[in-house]
Amino acid sequence: MDLAHDLDPEQRAAVTAPRGPVCVLAGAGTGKTRTITYRIAHLVNSGHVSASAVLAVTFTARAAGEMRARLRKLGVEGAQALTFHAAALRQLRYFWPRVVGGPPWQLLESKLRLVGRAAHQVGVDTDAEMLRDLAGELEWAKASLIVPDEYPAAVTRSGRATPEPPERVAEVYRVYEKLKVEERALDFDDLLLQTTAALEENVDVAEEFRDRYRCFVVDEYQDVTPLQQRLLDAWLGDRDDLTVVGDANQTIYSFGGASPRHLLNFTRRYPHAQVIRLVRDYRSTPQVVALANKVIGAARHRPPGSRLRLVGQRPDGPQPRFAEYDDEHAEAAAVAARIRELIETGVPVNEIAVLFRVNAQSEAYEQALSEAGIPYLVRGGERFFARTEVREAMAVLRTAAAAEEEPAGTLPDVVRGLLAKVGLTSEPPAGGASKQRWDSLMALVELAEEFAADAAEPTLRRYVGELEQRAAAQHAPTVHGVTLASLHAAKGLEWDAVFLVGLCEGTLPIQHADDDQAAIEEERRLLYVGVTRAREHLSLSWSLSRKPGGRRSRRRSRFLYGLVPEDHPAARVAQRGRGERPQCRVCAKVLTDVADVKVGRCSSCPSNVDPELLAALKEWRSDKARELKVPAYVVFTDATLMAIAEKQPTDDSELVSISGIGATKLERYGADVLAAVRKHTADA
Ligand code: ATP
Ligand code: MG
């Protein structure tokens, strides 16, 4: 580990800060995860804390696995890197006999069955969509520490839309909890609730726990829920050996109760905390970084302390590509063709991802990639460790590892030899199910290769231990192929080439975000998360209809406005003065209504106007009209003001490109208007 070589000065400051509260607030790709990994390694290697006393919490099982692998490379073995849920599960299993006792509980893998029974009892619809929505409400409530009785009031406070009247949802919640107790079942939220209760209510449990774990690290802290925070508090007790890192602009779980306030208010809670900000983006090319800055620069109502501008550190790369297709099928086929090209130019297939907003979008890409003969894996798809061939392989490996003597040969060779017993051949079979089986077994061999390269003692026994840990944390090895994943699941990860697909209104932002400003902003942050996953190649695409030959009624995402280069064929923005008919800049329809022409958008298309800026402009217009003793519309019409608020012009040329502003108005009001826009963007 070479701190001077591997880290920049700010990262180094965070890594070497003395034990105690440390907070790293920084944008995507600036090395937050690298920083905490090095911090753990530094604290352990320099003898400040033993590895087994460190508990690092990450957001996904995959991230936890990657952190363990990175720690191993830095010479640290035995630190716990887990998700909140996996950590709570482990602790609860251990403490349960002492704090509750009696017969063991069952973990509910999904809430849907019991939510269905509860809904039925209450007399609420039980169709799949309703059950999903109800389960979502229960999850939000539990993550927000809201019990059934408090639910209706909490809904009113938060202004949340509910699938049924709040009282009825509360009743479903109540019945659900009762059914769960009857079945001696716990859901995922209960793991956290029960572990917290065990620590809060049992002094000896708390003491034993706090004696064992002394140093805590949390990645992606912007998405911590009140429930997770409560568990973290129970872990800490009155200690403050806590390092948190996060990026408020990547908060993408607030619909589920998460909030960046814990991150942003960290110093209120720990006034003596070291706060470190990072702005150098080591992940992405300046071209990708520029686009990311634009996406997040357009965000509204960003909390103070979250305005960071990323500075790209890598050499130049290709410009992001934008593409519009007639239908989803064509879009998927084109993406597959482009992926093939990238692979041919040497981009490793594991370094390519297709990211979408909802899992239902995956299918078209699975099909297109299959047709193109490109291997892929679906994140969050079938559980790797539950596959038959993997279970068989684990059984064989376990038996061999239990033998007295460590088998002779290098670990990968030993594993390869053992897996031959369950059908691993030296060459891959042609395709279909047997190819998938082969791929799974090979993934175990590749994992053995990785383990042999990094672990201090790469014995079969230790390797099997690693596999057991991964299975418990559901951390699947990387199977060779293009990753298909939702934007949510892509958090924290990175690929050389990223395809953001299906970027149309109704999908991103998702339909149910409606016109709720906060929900729309969360959707925008999802796009920011997507863009910042790419190291080098980035492609953004959308299609105008779902099925081939269908009505081309879709509109591209409002978030793309201002991102698609003006000379791009898909940009088709209203071009005035060239004999062309003005078009809507959102949906590209020809505009006929005069007011629409002025705004440059159909009145039915979503506006990206910031209400605060519009209000400020209106106030200025009233003052001006009073001063000049003319009616307000003489200064600017509503449509022109709206267009200014939407376009947020930064100079004269952008101002005159707005319909309704000619040389005279530019001279009279230009400076005022530009100043108002500038002031607003600086304030926001
Ligand atoms: P995200 O917000 O997406 O989680 P992050 O801030 O956690 O991003 P990392 O994943 O830690 O960022 O780092 C992004 C990439 O930059 C990684 O490939 C990492 O290895 C690399 N990186 C980080 N810091 C440095 C550095 N000082 N020098 C070179 N590369 C670095
Ligand atoms: Mg990270």
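What you see is a predicted model; the values in this text were computed from it and never measured.

## Some remarks on the site of ligand 1
So, point 1. Among the 20 residues in the neighbourhood of ligand 1, the closest are listed as Lys32, Thr33, Arg283, Glu494 and Arg533.
So, point 2. Interatomic distance of 3.0 Å between a backbone N/O atom of Gly29 and an oxygen atom of ligand 1.
So, point 3. The side chain of Arg533 places a nitrogen or oxygen atom 2.8 Å from an oxygen atom of ligand 1.
So, point 4. Protein chains shield 85% of the accessible area of ligand 1, which is 640 Å² for the free molecule.
So, point 5. Sorting elements by how many residues they give to the shell around ligand 1 places helix α3 (residues 32-45) first, with three residues.

## A few points about the pairing of strand β7 (residues 242-246)
So, point 1. β7 sits mainly inside the fold: five of its five residues count as buried.
So, point 2. In this sheet, β7 lies alongside strand β1 (residues 22-26) in parallel orientation, the contact comprising four bridges. Directly across from Leu25, in β7, lies its bridge partner Gly246.
So, point 3. Here three bridges tie strand β6 (residues 215-218) to β7, and the two strands are oriented parallel to one another. If you follow Val217 over to β7, its bridge partner there is Thr243.

## A word on unusual backbone geometry
So, point 1. With omega at -5°, the peptide bond leading from Leu508 into Pro509 counts as cis.
So, point 2. The topology assignment puts Pro509 in the loop between β15 (495-500) and α22 (517-531).
So, point 3. Here Arg184, not a glycine, exhibits a phi torsion of approximately 50°, which is positive.
So, point 4. If you trace the backbone, Arg184 turns up in the loop between α9 (166-182) and β5 (185-186).

## A word on the sheet that holds β6
So, point 1. A sheet is described by the order of its strands in space; here six strands give the open sequence β3-β2-β6-β7-β1-β8, paired in parallel fashion. Of all strands in the sheet, those with a lone pairing partner are β3 (80-83) and β8 (274-278), marking the two edges. For this sheet, the mean inter-axis angle between neighbouring strands, taken without regard to orientation, is 15°.
So, point 2. Here strand β2 (residues 54-58) runs beside β6; their pairing, made up of four bridges, is parallel.

## Side note on helix α7 (residues 128-143)
So, point 1. The end-to-end C-alpha distance of α7 is 22 Å, a good match for the 22 Å that 16 residues give at a rise of 1.5 Å each.
So, point 2. Residues of α7 that are buried: Met130, Leu131, Leu134, Ala135, Glu137, Leu138, Trp140, Ala141, Lys142 and Ala143.
So, point 3. Its buried side turned inward, α7 meets α6 (112-122), α8 (151-158), α9, α10 (188-201) and α12 (226-236).
So, point 4. Remark: Leu145 follows α7 within two positions and exhibits a positive phi of approximately 60°.

## Re a negative patch on the surface
So, point 1. A grouping of Asp125, Asp127, Glu129 and Asp133 is seen on the molecular surface, where their side chains present a negatively charged patch.
So, point 2. Its location among the elements puts Asp125 in the loop between α6 and α7.

## Re the packing of aromatic side chains
So, point 1. Within this structure, the stated rule accounts for 16 aromatic pairs.
So, point 2. Between Phe59 and Tyr253, the ring centres sit 5.3 Å apart and the planes meet at 40°, which makes this aromatic pair tilted. Residue Phe59 is located in the loop between β2 and α4 (61-73), and its partner Tyr253 is located in the loop between β7 and α13 (261-264); the two are separated by 194 residues in the primary sequence.
So, point 3. Residue Tyr253 is classed as partly exposed on the basis of its relative accessible area of 24%.

## A few points about the pairing of β1
Along any regular strand the residues' side chains alternate between the sheet's two faces.
So, point 1. Most of β1 is tucked away, with five of its five residues classed as buried.
So, point 2. Where β1 lies against β8, five bridges are found, and the strand directions are parallel. What sits directly across from Ala26, in β8, is Leu278.

## Some points on the nonpolar core
So, point 1. Of all hydrophobic cores here, the largest spans 40 residues; its most connected members are Leu355, Leu500, Leu527, Val531, Leu538 and Leu540.
So, point 2. Mapped onto this core, the elements with two or more residues apiece are α15 (286-297), β12 (352-356), β15, α22 and β16 (534-545).
So, point 3. The residues touching Leu500, leaving out its near neighbours within four places in the chain, are Leu355, Leu487, Leu527, Gly530, Val531, Leu538, Ser539, Leu540 and Ser541.
So, point 4. Counting 37 residues, the second largest nonpolar core, distinct from the first, contains Ala88, Phe95, Leu199 and Phe266.

Analysis parameters
- Residues numbered from 1 in each chain as written.
- Chains lettered and ligands numbered in written order.
- Predicted model: local features only at pLDDT ≥ 70, side-chain atom pairs only at ≥ 80, totals over all residues.
- Heavy atoms only, no water.
- Near = heavy atom within 4 Å.
- Polar contact = N/O pair within 3.5 Å; in protein donor to acceptor, adjacent residues only side chain to side chain.
- Areas by Shrake-Rupley, 256 points an atom, 1.4 Å probe, with all protein chains shown as cover.
- Helix = DSSP H or I, 4+ residues; strand = E, 2+ residues; numbered from the N terminus.
- Buried < 20%, exposed > 50% of the residue type's maximum accessible area, 1.4 Å probe, protein only.
- Pairing = 2+ DSSP bridges.
- Axes fitted to C-alpha atoms, helices over the stretch in contact; angles between N-to-C directions.
- Expected span 1.5 Å × (residues − 1).
- Contact = heavy atoms within 4.5 Å.
- Patch = residues over 30% accessible without salt bridge, like charges linked within 9 Å, V, L, I, M, F, W, Y side chains within 5 Å.
- Salt bridge = Lys/Arg side-chain N within 4 Å of Asp/Glu carboxyl O.
- Lys, Arg positive; Asp, Glu negative; His and termini not counted.
- Charge placed at Lys NZ, Arg CZ, Asp CG, Glu CD.
- Phe/Tyr/Trp six-rings, centres within 6.5 Å; stacked < 30°, edge-to-face > 60°.
- Core = buried A, V, L, I, M, F, W, Y, C linked by side-chain atoms within 4.5 Å.

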